[in-house]
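Below are the chains, spelled out letter by letter.
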Amino acid sequence: MEPRAPTEIAHAVEILKRGGLVAFPTETVYGLAADARNPDAVRAIFTVKGRPADHPLIVHLAAAEQLDQVAAVVSSPARRLAQRFWPGPLTLVVERSARVPLEVTGGHPTVAVRVPAHPVALALLGAFGGWLAAPSANRFGCVSPTTAEHVRRDLGDQIELILDGGPCQVGIESTIVDVSGDSIAILRPGAVTIDAIEEALERPLGRRKAPSPVPSPGALPRHYQPRARVEVLDRAALEARAVELEQDGARVGLLVSKQLEAAPAAATWSYSAGEGEALLARALYAALRAADDAGVEVILVERPRARGIGVAVLDRLTRAAQGKPAAATKKNRHRS
Ligand code: TXA
Ligand code: MG
């Protein structure tokens, strides 16, 4: 990637120091940053995103050594996970130090923290010298941005600067692990898998995703939603469903590991098979946005295997698919 012009980072730091907002790339998705120590700046994030104030933000740090500044206590599993996975797509929920304003944590006694693995994010955090509170840089409930252009289209008129670091390599939000209490719980699956966490801790965790102890948009049943309805289907069922929808006059989009031979579709996005789950994660949000741009009404997504990052992709797809009624196909209408 291109080296960042130092003046651009300096400009971003100047905006953050005076309480402004800057969008920046991370390896997962783009974030919308404010100085985590400045309550007014943090409040502006909620206004710009349209996010309820009791939904807490993630604090981004330049290095794992700063964990002791934001956490009241750092348990040994927390330290081990930080050492093993930072910088990287893992967020740890720890007991909050009094130095972290309650605006950041939505009034909760814990704080979510991570060190992102992106050269621009690390340059920004290093030059700023403090902590950056940042949610994903999209409107509340919508699909997270994985390019600077996505941010520009969602929030461009409301933020002063968008640092462009190219498309995000991971493409879905970080894994969130709650290490604040006695038992360790996965609150949101992501690229750092449960297996990898268990291996690092040398012990098994509960397999079920725990309900979040705080209001958590990422844990709402409906989230990450494009306008188009999302249907997740096994590859074998995709073609018949596309034909059925098309006969009903619906504009269909396909997100598949490789092109289908004969399915009708207004638009197709394909990622190649092989490391399919990781490639789907990287392509997912851009494809959902592109489906909306193309005026697609239903996007049929090939179901990824529930392994590795596929678990997290299925989690996002399930929430994206939630709550929109299935199109009444001719077949259904005849049956009823
Ligand atoms: O990959 C990511 O995590 C991206 C990049 C920008 O770092 N950030 C991100 O932030 O996805 P956001 O705000 O869109 O999602 C953060 C999630 C929310 O579901 C929030 O409720 C949860 O983290 N969270 C934050 N603080 C928490 C806490 N103290 N306890 C439990 N969940 C927390
Ligand atoms: Mg978000």
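Computed from a prediction, not measured in an experiment: that's the story for all the values here.

(A) Quick peek at the pattern of salt bridges. The final tally for this structure, using the stated rule, is 20 salt bridges. Close ionic contact of Arg153 with Asp293 constitutes a salt bridge, the shortest N to O distance being 2.8 Å. Of this pair, Arg153 sits in helix α7 (residues 148-155) while Asp293 sits in helix α10 (residues 276-293), and the two are 140 residues apart along the sequence. With relative accessibility at 48%, the residue Asp293 sits in the partly exposed group. Overlapping salt bridges, with partners in common, bring together Glu173, Asp315, Arg316 and Arg319 in one network.

(B) Main features of the side chain of Asp35. Mapped onto the secondary structure, Asp35 falls in strand β2 (residues 31-35). Among buried charged residues, Asp35 stands out as having no salt bridge; its nearest opposite-charge side chain is Arg37, 6.2 Å away. A distance of 2.9 Å separates a polar side-chain atom of Asp35 from the backbone nitrogen of Arg37. With residues near it in sequence (within four places) discarded, Asp35 still touches Leu16, Ala41, Val42, Phe128, Trp131 and Leu132.

(C) Region of the structure containing the layout of surface pockets. Considered as a void within the structure, the largest pocket measures approximately 360 Å³ in volume. Listing elements by their share of the lining of the largest pocket, those giving two or more residues are α7 and α10. Across the lining of the largest pocket, the residue classes tally to 4 nonpolar, 2 polar and 8 charged.

(D) Looking closely at the packing of α10 against helix α11 (residues 310-321). For the pair α10 and α11, the least separation of the axes is 9 Å and the interaxial angle reads 35 degrees. In this structure, α10 meets α11 at a crossing whose hand is left-handed. Here Glu277, Leu280, Ala281, Leu284 and Tyr285 of α10 come into contact with α11, specifically with Gly310, Val313, Arg316 and Leu317. Classifying every residue of the contact of α10 with α11 by side-chain character gives 6 nonpolar, 1 polar and 2 charged.

(E) Quick peek at the pairing of strand β8 (residues 175-178). Residues Thr175 and Val177 of β8 are buried on one face, and the alternating residues Ile176 and Asp178, pointing to the opposite face, are buried as well. With 4 bridges connecting them, strand β4 (residues 90-95) and β8 associate as parallel partners. Counted as the bridge partner of Val93 is Asp178 from β8. Across 3 bridges, the pairing between β8 and strand β9 (residues 185-188) is antiparallel. Across the sheet, Asp178 pairs through a bridge with Ala185, a residue of β9. Remark: 6 residues form the turn of the hairpin made by β8 and β9, two consecutive strands paired antiparallel.

(F) Expanded view of the nonpolar core. Counting residues in each nonpolar core, the largest one holds 50 residues, and the members touching the most others are Leu81 and Ile197. Here this core takes 5 residues from helix α2 (residues 39-49), the largest share from any one element. Here Leu81 is in contact with Trp86, Leu90, Leu92, Val177, Val179, Ile197, Ala200 and Leu201, once residues within four sequence places are set aside. In this structure, Val170, Val296, Ile299 and Val313 belong to the second largest nonpolar core, which totals 27 residues.

(G) Seen up close, the sheet that holds β8. Across the sheet, which stays open at both edges, the 9 strands sit in the order β7-β1-β2-β6-β3-β5-β4-β8-β9 with mixed pairing between neighbours. Looking at the sheet topology across the chains shown, the edges are occupied by β7 (161-162) and β9. Pairing of strand β3 (residues 58-60) with strand β5 (residues 110-114), which is carried by 3 bridges, proceeds in the parallel orientation. By the bridge assignment, Val59 is partnered in β5 with Val113. In this fold α2 packs onto β2 and β6 (132-134), with an angle of close to 150 degrees to the strand it touches most, β2.

(H) Spatial organisation of the sheet that holds strand β11 (residues 252-256). With parallel pairing, the 4 strands of this open sheet are ordered in space as β10-β13-β11-β12. The open sheet is flanked by β10 (229-233) and β12 (267-270), the only strands paired with a single partner. Neighbour-to-neighbour, the strand axes of this sheet turn through a mean angle of 20 degrees, independent of strand direction. Across 5 bridges, the pairing between β10 and strand β13 (residues 298-302) is parallel.

The rules behind these values
- Residues numbered from 1 in each chain as written.
- Chains lettered and ligands numbered in written order.
- Predicted model: local features only at pLDDT ≥ 70, side-chain atom pairs only at ≥ 80, totals over all residues.
- Heavy atoms only, no water.
- Salt bridge = Lys/Arg side-chain N within 4 Å of Asp/Glu carboxyl O.
- Helix = DSSP H or I, 4+ residues; strand = E, 2+ residues; numbered from the N terminus.
- Buried < 20%, exposed > 50% of the residue type's maximum accessible area, 1.4 Å probe, protein only.
- Lys, Arg positive; Asp, Glu negative; His and termini not counted.
- Polar contact = N/O pair within 3.5 Å; in protein donor to acceptor, adjacent residues only side chain to side chain.
- Contact = heavy atoms within 4.5 Å.
- 1 Å grid on protein atoms, 1.4 Å probe; cavity = no way out; pocket = protein on both sides within 12 Å on 5 of 7 lines; lining within 4 Å.
- Points joined across faces, edges and corners; volume = space filled by probe spheres on them.
- Nonpolar A, V, L, I, M, F, W, Y, C, P; charged D, E, K, R; others polar.
- Axes fitted to C-alpha atoms, helices over the stretch in contact; angles between N-to-C directions.
- Left-handed = near helix turned anticlockwise from the far one by under 90°.
- Pairing = 2+ DSSP bridges.
- Core = buried A, V, L, I, M, F, W, Y, C linked by side-chain atoms within 4.5 Å.

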